Amino acid sequence: MSRSNQTKHLLAESLQELMVTTPLEKISVNDIVDHAGVGRNTFYYHFEDKYDLINWYFQSGITQFLVERGAYTSWDSLLAAIRDYFLENKVFYCNALAYNGQNSLQKYMFDYLCSIFEQNARELNPDISASETCAIGQFFSGALMGILIPWVLGGMRTNGLVISDLTIPVFNHDILQKLLRGDT
């Protein structure tokens, strides 16, 4: 791991440890760097603000997690992996997703998921227009966030999110393909 990534991970770990006892809104950059034992300049060399750090942690963490877990053959396996990842990082995500203001993780996740759904829509139907692709991305991202956020903010009770709850027909590839083709 490069020195830059080590520093980023150190700052993320510091934030995670602080979030165990302090709500995100009350944690300052000074708190993060003091806890990590680095200077403010080091923080600002890597991140614009604490929300940029949170978004980096999410992107690097979920991407690495999903890549390490391999290819997904179904929505069930993908959603189970996402659930497991969130459970493994429960304190962080319960706190980080509670904030929904400017630069929030909720917005970042929505945009991240939207891009994934847009890419899937383009792969399923290469002739689809950009506006249709965008609408599909927003719809499916909103649907997934609408399930994940209440579960996370509710404390991620393991009996509160059963993968079958997420496998609503909207996440079925056959149905998605029919929707994209306009089949009825």
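This write-up is about the structure you can find in this document. Computed from a predicted structure; not experimentally measured.

Here we come to the overall build of the protein chain. If you tally the helices and strands in the protein chain, you get ten helices and zero strands. If you list the helices and strands of the protein chain from N to C, you get α-α-α-α-α-α-α-α-α-α. The contacts in the protein chain between residues at least 6 apart in sequence include a share of 62% that link residues at least 24 apart. Working note: accessible area of the protein chain is about 10,000 Å², and carbon and sulfur atoms make up 50% of it.

Structurally, the position occupied by Lys8 is in helix H1 (residues 3-19). Within the buried core, Lys8 has no salt-bridge partner, and the shortest N-O distance to an opposite charge, that of Asp52, equals 8.0 Å. Excluding residues within four positions of it along the chain, Lys8 makes contact with His46, Phe47, Leu53 and Trp56.

Now for the packing of aromatic side chains. Across all of its chains, the model carries 15 aromatic pairs by this definition. With a centroid separation of 5.3 Å and 80° between ring planes, the pair formed by Phe43 and Tyr44 is classed as edge-to-face. The class of Tyr44 is partly exposed, set by a relative accessible area of 37%. Grouping aromatic residues by their ring pairs yields a cluster made of Tyr57, Phe58, Tyr85, Phe86, Phe92, Tyr93, Tyr108 and Tyr112.

Cut-off values and rules
- Throughout this description, residue numbers start from 1 for each chain and increase along the sequence as written.
- The predicted origin of the model limits local features to residues at a pLDDT of at least 70 and limits the giving and counting of side-chain atom pairs to 80 or more, whereas totals for whole chains, interfaces and linings rest on all residues.
- Only hydrogens and water are removed before side-chain values are computed, so all heavy atoms of the structure are retained for them.
- Numbering of helices and strands runs from the N terminus; a helix is a DSSP stretch of H or I covering at least four residues, while a strand is a stretch of E covering at least two.
- Note on definitions: a residue-residue contact is assigned when non-hydrogen atoms from the two residues lie within 4.5 Å.
- All accessible-area figures derive from a Shrake-Rupley calculation using a 1.4 Å probe, and residue coverage is judged against the displayed protein chains alone.
- The buried label goes to any residue with under 20% of its type's maximum accessible area, the exposed label to any with over 50%, and the partly exposed label to all in between, with areas taken from a 1.4 Å probe on protein chains only.
- Here the positive residues are Lys and Arg and the negative ones are Asp and Glu; neither His nor the chain ends is included.
- Should a side-chain nitrogen of Lys or Arg be within 4 Å of a carboxyl oxygen of Asp or Glu, the pair is scored as a salt bridge.
- For this analysis, a ring pair means two rings from Phe, Tyr or Trp (six-membered ring only for Trp) whose centres lie within 6.5 Å, classed as stacked if their planes differ by under 30 degrees, edge-to-face if by over 60, and tilted for the remaining angles.

Shape descriptors only; they carry no functional weight alone.
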